[in-house]
Every structure is written in C-alpha cells, then in structure tokens.
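Each chain, written out:
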There are 2 protein chains.
Amino acid sequence: MQQLNRQELRQKLVSCSLKATHQRIVVYEALLGLHGHHPAAEEVYRLLKPANPSISLGTVYKILDVFAENGLVRRVFSEQGCKRYDANTMAHSHIYCSNTREIIDFEDPELEELLQGFFQRRNMQNFEMHSFAIQLTGNKKEPDQQVSITKL
Amino acid sequence: MQQLNRQELRQKLVSCSLKATHQRIVVYEALLGLHGHHPAAEEVYRLLKPANPSISLGTVYKILDVFAENGLVRRVFSEQGCKRYDANTMAHSHIYCSNTREIIDFEDPELEELLQGFFQRRNMQNFEMHSFAIQLTGNKKEPDQQVSITKL
DNA sequence: TTCCAGATAAGAATTTTTCTTATGTAAGAA
DNA sequence: TTCTTACATAAGAAAAATTCTTATCTGGAA
C-alpha cells in the first residue's frame, strides 16, 4: 500500500476539493494503513480514538461517506449488516469467506482485463457504466492460509 | 417469474426441510411477486402486514435469513446499509443506478458463460468457490426507460 | 488577521437487526 | 384422529448501526 505522509494526504484531499482537516487526514491515513481490512466506521473510530480523543463517531461516518462520494475510497458491497470501506480504489474483486466471514482483496488482472474487454464490446442501451465489481463467495480450505491464484 | 400456488410453495419449503408455515409461505410468495424489486425485510413486512396482521417484523427477518441459508433466496450485495433479498436465484447480475438508487436485475447469459469458463480454468489455491456475482454501477440515461443489451 | 462556508463534537433520535421468552403450530407417531 | 414435540412465531426489549440536530470551531481564502 502506498505510504503517504501527512502532506501528501493533505494534497490528495485538496485535489478532491475537500478541506484538509485533521480528522479527515487521520481517517484517510487509517484506511490506507488497514490495507485489505475493509473496516466499518465503528472500527475506524475505535482505532483513532486513543490518539484522537476528541474525534466523534458521527464525524467518522460523515467523513467515510464524503470520501466515498469523492472516489477516495470504495464502499465495499457486504452481505453483513454494515457498511465497509476500502481505500484501495484500483480495480480488484472481493472474496467473501463463509467460514471466517472475511472480505479478502483479490487482484486478478486477467479477470479485470477480460471483463473490461467484454463491457467495451457489449452494447448496453440506456446505461452509462462507471464501474463493475465482482465478488466470489466460498470457503477457504485452510482458514489460516492465504488464497492465491496460479496462472492459467 | 414463476407463478406458484400455495401448494407448490409448500412443496418448495418442504424440499428444503423447512416447515411450511403460513408466514413462510406468504413471505416467499411476496418475494416471488416482487420479482426484480429486491426488498429489504422491512418492505416485505409492510407489504404483508395488512393481510397478515399477526405477522411480526422479527419473524420476517428470521424467515429471510433462513431462506438465504437454504438457497431459496439470494442476499443481494448492497452499498446501502441494509440487507436486500432476491427470489431469483438464477445466475444474474445487478445494476446499481446512482441516479435512481435502483437495483436492477441484469441477465446476460454470455457474461455468465464467460465468467463460468474463466473460473473453471482459473486455479485458485485454498479456495472453494460457491458462487460469483457481478455488479455494474452507473447511471441510466433515461431514468424512466429500461436498461437493455444488444447482442455483440 | 479576519471572516465565513463548511466541518466537527456531542448526544439525541432513528433505523435496522438481533435476541429473549412465552406461546403456538406443523407434521410425524401412536 | 389425537398426541407429542421439535421447531416456528409474536411481542417487545435490546443491541447495533446510522443519521440528524445544533452549537461551536476551524481551514484557508482574502
């Protein structure tokens, strides 16, 4: 995950015409630090509270929402009852493990390319597509081990 | 959408080793009737309450959960905060329209086939895939009109 | 610096979901 | 058919997740 310093984070916010407040910076920093973890607002709040005692949960909700609207983070589709966020806005899919309840990042350039190509050719009437996302649902055979792919 | 009578619904439940209670039958019936609508528990409840005054919201939640566990309905991944359900368990994708906030069923056999083939060939280590799902996010150009595809 | 549109804190309020417990009922057994 | 019991439901409390309200504060433009 890209390791940005505060000044760079500040830049990133400003480039989205967002005020670079301290709260927004630490929330963004936390999300980047939690690469692959897809936290809910509550988790981000719990993480930040010790070092930022004045931060409020409502603010974290608002900030995540604003970030999502501005494309700084992705909302992760979730079968669970709560919203999750992902600072990785690159094209990637998610794996839902029924065993461990994890949401796992799954980067498969071939898959992305395949779909990219498909949708470029596919003629959709009355629809302007912004993005697509795939989820795989299943089980990790070894819960402790990672999921990986071998080339075709 | 398949138009099943009560007796057939009863059969369907029993075939999943679920007791065919009146509540389950009307919930299932409602879901089938709302083809393409992807309701949340609350919506199903509101719909059923007039004709079934004794039904309880908690029961609807439980029933939808049981149905999902038994493959009678699909949980629809949603960016929104609440769980949605879909009685159409055939392979299909969902389109999220940012304008209208709709979730639209999108059947594209070629796409399903393409992915089916891809995942059959793709070797995934330590993962047993049960299903995959795609969402397209974007905007309907004409909010009132339908989205459709033209063959390649 | 000053100023102010927009951001935050705090906590109330609302919405969504789960849980608990007493009661009810479907469906198999007698 | 009636009995039995394991499972399902109703009701509402409780918990969890999210939004809203309002007073206060602050980043950054002028």
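Residues numbered from 1 in each chain as written. Chains lettered and ligands numbered in written order. Predicted model: local features only at pLDDT ≥ 70, side-chain atom pairs only at ≥ 80, totals over all residues. Heavy atoms only, no water.

## A closer look at the overall build of chain A
Alright, step 1. Across its full length, chain A holds five helices and seven strands.
Alright, step 2. Along its sequence from the N terminus, chain A presents helices and strands in the succession α-α-α-α-β-β-β-β-α-β-β-β.
Alright, step 3. Principal-axis analysis of the C-alpha atoms places the extent of chain A at approximately 50 × 40 × 30 Å.
Alright, step 4. Looking at chain A as a whole, 45% of its 152 residues are labelled buried.
Alright, step 5. Across chain A, contacts joining residues at least 24 apart in sequence account for 44% of those joining residues at least 6 apart.
Alright, step 6. Across chain A, the centroid of the 18 positively charged side chains sits 7 Å from that of the 18 negatively charged ones. (Helix = DSSP H or I, 4+ residues; strand = E, 2+ residues; numbered from the N terminus. Buried < 20%, exposed > 50% of the residue type's maximum accessible area, 1.4 Å probe, protein only. Contact = heavy atoms within 4.5 Å. Lys, Arg positive; Asp, Glu negative; His and termini not counted. Charge placed at Lys NZ, Arg CZ, Asp CG, Glu CD.)

## Here's the deal with the protein's contact with DNA strand C
Alright, step 1. Around DNA strand C, a shell composed of 17 residues is seen, among which Thr21, Gln23, Ser54 and Thr59 of chain A together with Tyr61 of chain B lie nearest.
Alright, step 2. Sugar and phosphate atoms represent 79% of those atoms of DNA strand C found within 4 Å of the protein.
Alright, step 3. One nitrogen or oxygen atom from the main chain of Ser54 of chain A is found 2.8 Å from a phosphate oxygen belonging to DNA strand C.
Alright, step 4. If you list the elements that add at least two residues to the surface near DNA strand C, you get helix H2 (22-33) and helix H4 (57-69) of chain A together with helix H4 (57-69) of chain B. (Near = heavy atom within 4 Å. Polar contact = N/O pair within 3.5 Å; in protein donor to acceptor, adjacent residues only side chain to side chain.)

## As for the interface of chain B and chain A
Alright, step 1. Contacts between the two partners involve 47 residues from chain B and, on the opposite side, 47 residues from chain A.
Alright, step 2. Around 4,600 Å² of area is buried between chain B and chain A when both sides are counted, 57% of it from carbon and sulfur atoms.
Alright, step 3. When the buried area of chain B at its contact with chain A is split by residue, Phe77, Arg122 and Asn126 of chain B rank highest and sum to 16% of it.
Alright, step 4. At the boundary of chain B with chain A, the tally comes to four salt bridges.
Alright, step 5. Residues Arg122 of chain A and Glu110 of chain B are paired through a salt bridge, measuring 3.8 Å at the closest nitrogen-oxygen approach.
Alright, step 6. Where chain B touches chain A, the interface holds 21 residue pairs in polar contact (both at pLDDT 80 or more).
Alright, step 7. For the side of chain B that touches chain A, the element with the highest residue contribution is strand E6 (residues 127-140) of chain B, accounting for 14 residues.
Alright, step 8. Its residues assigned to classes, the side of chain B that touches chain A shows 19 nonpolar, 16 polar and twelve charged.
Alright, step 9. Examined bridge by bridge, strand E6 (residues 127-140) of chain A and E6 of chain B share 13 bridges and lie antiparallel to one another. Pairing of Thr137 of chain A across the sheet is with Ser131 of chain B, part of E6 of chain B. (Buried area = accessible area lost by both parts, 1.4 Å probe. Salt bridge = Lys/Arg side-chain N within 4 Å of Asp/Glu carboxyl O. Nonpolar A, V, L, I, M, F, W, Y, C, P; charged D, E, K, R; others polar. Pairing = 2+ DSSP bridges.)

## A word on the pattern of salt bridges
All names here are of chain B.
Alright, step 1. In total, this model carries 14 salt bridges over all chains according to the counting rule given.
Alright, step 2. The salt bridge involving Arg6 is made with Glu29; its shortest N-O contact spans 2.8 Å. With Arg6 in helix H1 (residues 6-15) and Glu29 in helix H2 (residues 22-33), the pair connects residues that are 23 residues apart, well separated along the chain.
Alright, step 3. Taking the relative accessible area as the measure of exposure, Arg6 reaches 43% and is therefore partly exposed.
Alright, step 4. Asp65 serves as the salt-bridge partner of Arg75, at 2.9 Å between the closest nitrogen and oxygen. A residue pair is termed long-range when its members are at least 10 positions apart, and Arg75 in strand E1 (residues 74-76) and Asp65 in helix H4 qualify at ten residues.
Alright, step 5. Residue class for Arg75 comes out buried when judged on its relative accessible area of 16%.

## Points about the UniProt feature "binding site: Zn(2+)" (unreviewed entry) in chain A
Residues and elements named next belong to chain A.
Alright, step 1. On the UniProt side, "binding site: Zn(2+)" (unreviewed entry) is annotated at positions that read Cys97 here.
Alright, step 2. Inspection of the secondary structure puts Cys97 in strand E3 (residues 93-97).
Alright, step 3. Beyond its immediate stretch of four places on either side in the chain, Cys97 contacts Glu102, Gly138, Asn139 and Lys140. (UniProt positions renumbered as here; feature names shortened; annotations may be inferred.)

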